[in-house]
Amino acid sequence: MSADSSPPSAPEETPPASAVPSAELSRLWFALDRRAWSFLTVVPAHPGAPALDAAQALMEAGSPYPEPPLRLVDATGIEPAGAPRLVLEVRRRVEQGERVIVVIDSLLTHPASLPLALAADTALLCITLGETDFGSAEKTLRLVGADRFAGSVTFPRPSKKQRRADSDKKKKP
């Protein structure tokens, strides 16, 4: 029996062909662009922070700029053995001229994601106002290295109705 050396399969997206993003998203895109990144990791500051929403917003912000090609990889739930393989796959894509945004789980509850954050050119911290505590954000910064973060993106606390809808979405097969 031989071992499978192929990279782990992770859900991927290419940016949608859409209208011009909001001024706020455009400013975020250009602020990140100053870091000259090819591999960016979106890191939630606490479990449950909307890192995938932040990454999808970045995809929207980058959609008017087709070169280099932009790809989103959802690495939430990655197993410890899968993270190093995914790092290699992302590096291969970067060598082929792509920019890759990788979404990971909170490092506080899913340390298997740490290799992805450490391998990235830069990271973006995802914070939920009223939910992210200072200690969680500080510990996340220490785990990755505060200098590796280009900045942070904040989201409002979801309403009870939004949380219920999100919970119902997760329950459906």
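Residues numbered from 1 in each chain as written. Predicted model: local features only at pLDDT ≥ 70, side-chain atom pairs only at ≥ 80, totals over all residues. Heavy atoms only, no water.

(A) Fine view of the overall build of the protein chain. Assigned secondary structure in the protein chain consists of 6 helices and 6 strands. Each helix and strand of the protein chain, placed in order from N terminus to C terminus, yields the pattern β-α-β-α-β-α-β-α-β-α-β-α. A burial count over the protein chain gives 41% of its 173 residues as buried. The contacts in the protein chain between residues at least 6 apart in sequence include a share of 86% that link residues at least 24 apart. (Helix = DSSP H or I, 4+ residues; strand = E, 2+ residues; numbered from the N terminus. Buried < 20%, exposed > 50% of the residue type's maximum accessible area, 1.4 Å probe, protein only. Contact = heavy atoms within 4.5 Å.)

(B) Molecular detail of unusual backbone geometry. Look at A36: it is not a glycine, yet its phi comes out positive at around 50 degrees. Among the secondary structure elements, A36 is positioned in the loop between α1 (23–33) and β2 (39–44). Residue classification places A36 among the exposed positions, given a relative accessible area of 63%.

(C) Representation of the confidence of the model for the protein chain within the structure. Looking at the protein chain as a whole, the pLDDT averages 83, with 79% of positions reaching at least 70. Below pLDDT 50 for its whole length, residues 14–18 participates in 9 contacts with residues either more than four positions away or in separate chains. (pLDDT = per-residue confidence, 0-100.)

(D) Helix α3 (residues 82–95), seen in detail. With 14 residues, α3 ought to run about 20 Å at 1.5 Å a step, and its terminal C-alpha atoms sit 20 Å apart, in line with that. Positioned one or two residues after α3, G97 has a phi angle of 100 degrees, which is positive. (Expected span 1.5 Å × (residues − 1).)

(E) Representation of the nonpolar core. Counting residues in hydrophobic clusters, the biggest one holds 24 residues, and the most contacted among them are F39, V43, A75, L86, V102, I104 and L116. Residue assignment for this core shows that the elements contributing at least two residues are β2, α3, β4 (99–103), α4 (114–119), β5 (122–128) and α5 (134–144). Here this core gets 4 residues from one element, more than from any other, and that element is α3. Filtering out sequence-adjacent residues up to four positions away, A75 remains in contact with L86, V102, V103, I104, D105 and L116. W29, A55, I101 and L124 belong to the second largest nonpolar core, which has 23 residues in total. (Core = buried A, V, L, I, M, F, W, Y, C linked by side-chain atoms within 4.5 Å.)

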